[in-house]
Amino acid sequence: MRNFLDLAALPREEVLELLALARRLQEQPEPTALAGRILGLLFFNPSLRTLASMQAAMARLGGQSFVITPGSGSWQLETRVGAVMNGAAAEHIREAIPVLESYCDALGVRAFAEGRDLAVDLAEQGFTAIAGLCRKPLVNLESAMNHPCQALADWKTLDELDVPRHAKFVLSWVNHPRALPLAVPAAALTMAAQRGMEVVVLRPAGFEMPAALIERARALAAAAGGSVTETEDRGAALAGAQVLYAKEWGSTAHYGDAEADARLRAALGDWMVRKSWFEDTAPDCRLLHCLPVRRNVAIADEVLDGPRSAVLAEAANRLYAQMAVLHRLLGTR
Ligand code: CP
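Residues numbered from 1 in each chain as written. Predicted model: local features only at pLDDT ≥ 70, side-chain atom pairs only at ≥ 80, totals over all residues. Heavy atoms only, no water.

Student: Just to check I follow, could you spell out empty space enclosed by the protein for this structure?
Tutor: To find the voids left in a structure, one rolls a probe of water-molecule size over its atoms. One pass over the structure, following the stated rule, counts one cavity of 30 Å³ or more. Looking at the largest cavity, its volume works out to about 40 Å³. Counting only elements with at least two residues in the lining of the largest cavity, the list comes to α6 (148–160) and α7 (183–195). It is α7 that provides the largest number of residues to the lining of the largest cavity, a total of four residues. Two domains each donate at least three residues to the lining of the largest cavity, and these are domain 1 (7–147 + 318–330) and domain 2 (162–309). (1 Å grid on protein atoms, 1.4 Å probe; cavity = no way out; pocket = protein on both sides within 12 Å on 5 of 7 lines; lining within 4 Å. Points joined across faces, edges and corners; volume = space filled by probe spheres on them. Helix = DSSP H or I, 4+ residues; strand = E, 2+ residues; numbered from the N terminus. Domains from an automatic or database assignment.)

Written out as structure tokens, the structure reads:
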């Protein structure tokens with residue numbers, strides 16, 4: 001494995017090996033496996049879990065890390081090709097990425113979607129530009145349409161919860177005060193499809209998953225014995241579901257149009273996960289969410305604090321999933 005950019009780009013066997021390695025490192029720590037190795041972390045956007053768990057993963061394997069947050073203690077970085085740099089950004093990624101990689105053995109980068117043009121974000125133009133400048137192993141810490149570290153931790157969590165390979169997995173849109181990126185729902189969709197699950201995307205009209213993401217997930221599901229469908233019928237989606245993966249995302253019908261998005265979501269306050277969603281048809285359904293989550297907007301306290309919630313175990317698994325990725329990228333095999 002040269003980079004870790006997209007879980008779905010790895011053959012299924014390689015994902016299963018990573019999961020086995022994550023379990024092994026959880027049970028049998030290797031505190032010197034990455035001694036002398038340095039990980040650079042470049043965060044264009046905020047984080048709690050990804051930042052802390054990457055640093056902790058490196059430290060638990062005996063390595064070290066440094067963190068750069070452009071515009072907050074270090075220079076604001078320009079990413080546009082051919083930009084006239086007479087604004088806030090003092091440095092271009094064309095210099096910053098090669099400089100940073102010269103100080104470390106691998107680089108992790110978080111660079112969210114611009115959220116203006118769906119085609120641009122689907123093409124991962126921003127992250128691809130960064131990847132093209134980096135010759136060291138690169139880890140995607142959330143790009144426009146992907147969050148592979150989250151997806152690997154989610155798969156590990158499903159295994160720990162004994163969720164059968166072909167179980168029903170509902171990826172449900174939930175409310176939020178404003179549009180959020182598609183990276184996590186896209187990664188959860190492809191992860192569940194790659195695992196071989198019966199995947200149902202549940203969302204109101206105007207929040208459809210982009211066709212390219214659905215098509216890719218369907219191909220992955222077909223190869224793994226699963227399926228992918230999309231609906232706005234909550235009752236039908238949740239009937240028999242074993243996992244509800246709740247996530248907020250922006251309107252794809254009005255991508256980049258904050259006012260139109262806000263008008264649409266103003267009438268969708270009932271898209272908050274409550275106990276009543278599960279009562280009759282999905283009594284054993286477990287709840288996942290990548291966090292951070294807005295309590296009593298996206299998910300009610302009664303569910304987050306109840307027995308079906310696995311969100312803390314899911315977040316804890318970020319550490320072990322990323323230890324496996326770093327061990328594979330930087331360890332001697
Ligand atoms: N789930 C996740 O990536 O969390 P952070 O944004 O806090 O890193």
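Student: Help me understand the pattern of salt bridges, please; the structure alone is not making it clear to me.
Tutor: Between side chains of opposite charge, a pair can form when the charged atoms approach closely. Tallying each qualifying case throughout the model produces 17 salt bridges. Note that R195 is salt-bridged to D159, the shortest N-O span being 2.8 Å. Taken as a pair, R195 in helix α7 and D159 in helix α6 lie far apart in primary sequence, 36 residues in all. Given a relative accessible area of 27%, D159 falls into the partly exposed group. When the shortest N-O distance is used, the salt bridge between K247 and E248 registers 2.9 Å. Accessibility assignment for this pair places K247 and E248 in one class, buried. One continuous salt-bridge network, built from bridges that share partners, spans R203, E208 and E230. (Salt bridge = Lys/Arg side-chain N within 4 Å of Asp/Glu carboxyl O. Buried < 20%, exposed > 50% of the residue type's maximum accessible area, 1.4 Å probe, protein only.)

Student: Would you take a moment to explain the sheet that holds strand β7 (residues 168–173) for this structure?
Tutor: Strands pair in a sheet through their backbones, by hydrogen bonds, and they do so in one of two ways: parallel or antiparallel. Across the sheet, which stays open at both edges, the five strands sit in the order β9-β8-β7-β10-β11 with parallel pairing between neighbours. One side of each edge strand has no neighbouring strand; the edge strands of this open sheet are β9 (227–231) and β11 (286–288). Neighbour-to-neighbour, the strand axes of this sheet turn through a mean angle of 20°, independent of strand direction. With five bridges connecting them, β7 and strand β8 (residues 198–202) associate as parallel partners. Residue L171 lies in a different strand from β8, and its bridge partner there is V201. Its contacts with the sheet place α7 against β7, β8, β9 and β10 (243–247), and it is angled at close to 170° to β7. (Pairing = 2+ DSSP bridges. Axes fitted to C-alpha atoms, helices over the stretch in contact; angles between N-to-C directions. Contact = heavy atoms within 4.5 Å.)

Student: Explain the packing of aromatic side chains here, please?
Tutor: We describe a pair of aromatic rings using the distance from one ring centre to the other and the angle between the two ring planes. Counting across every chain of the model gives four aromatic pairs. With a centroid separation of 5.9 Å and 35° between ring planes, the pair formed by F169 and Y245 is classed as tilted. One end of the pair, F169, is in strand β7; the other, Y245, is in strand β10, with 76 residues separating them in the sequence. You can call Y245 buried: its relative accessible area is 0%. With centroids separated by 6.5 Å and ring planes inclined at 90°, the aromatic side chains of W271 and W277 adopt a geometry described as edge-to-face. Owing to a relative accessible area of 6%, W271 belongs among the buried residues under this scheme. (Phe/Tyr/Trp six-rings, centres within 6.5 Å; stacked < 30°, edge-to-face > 60°.)

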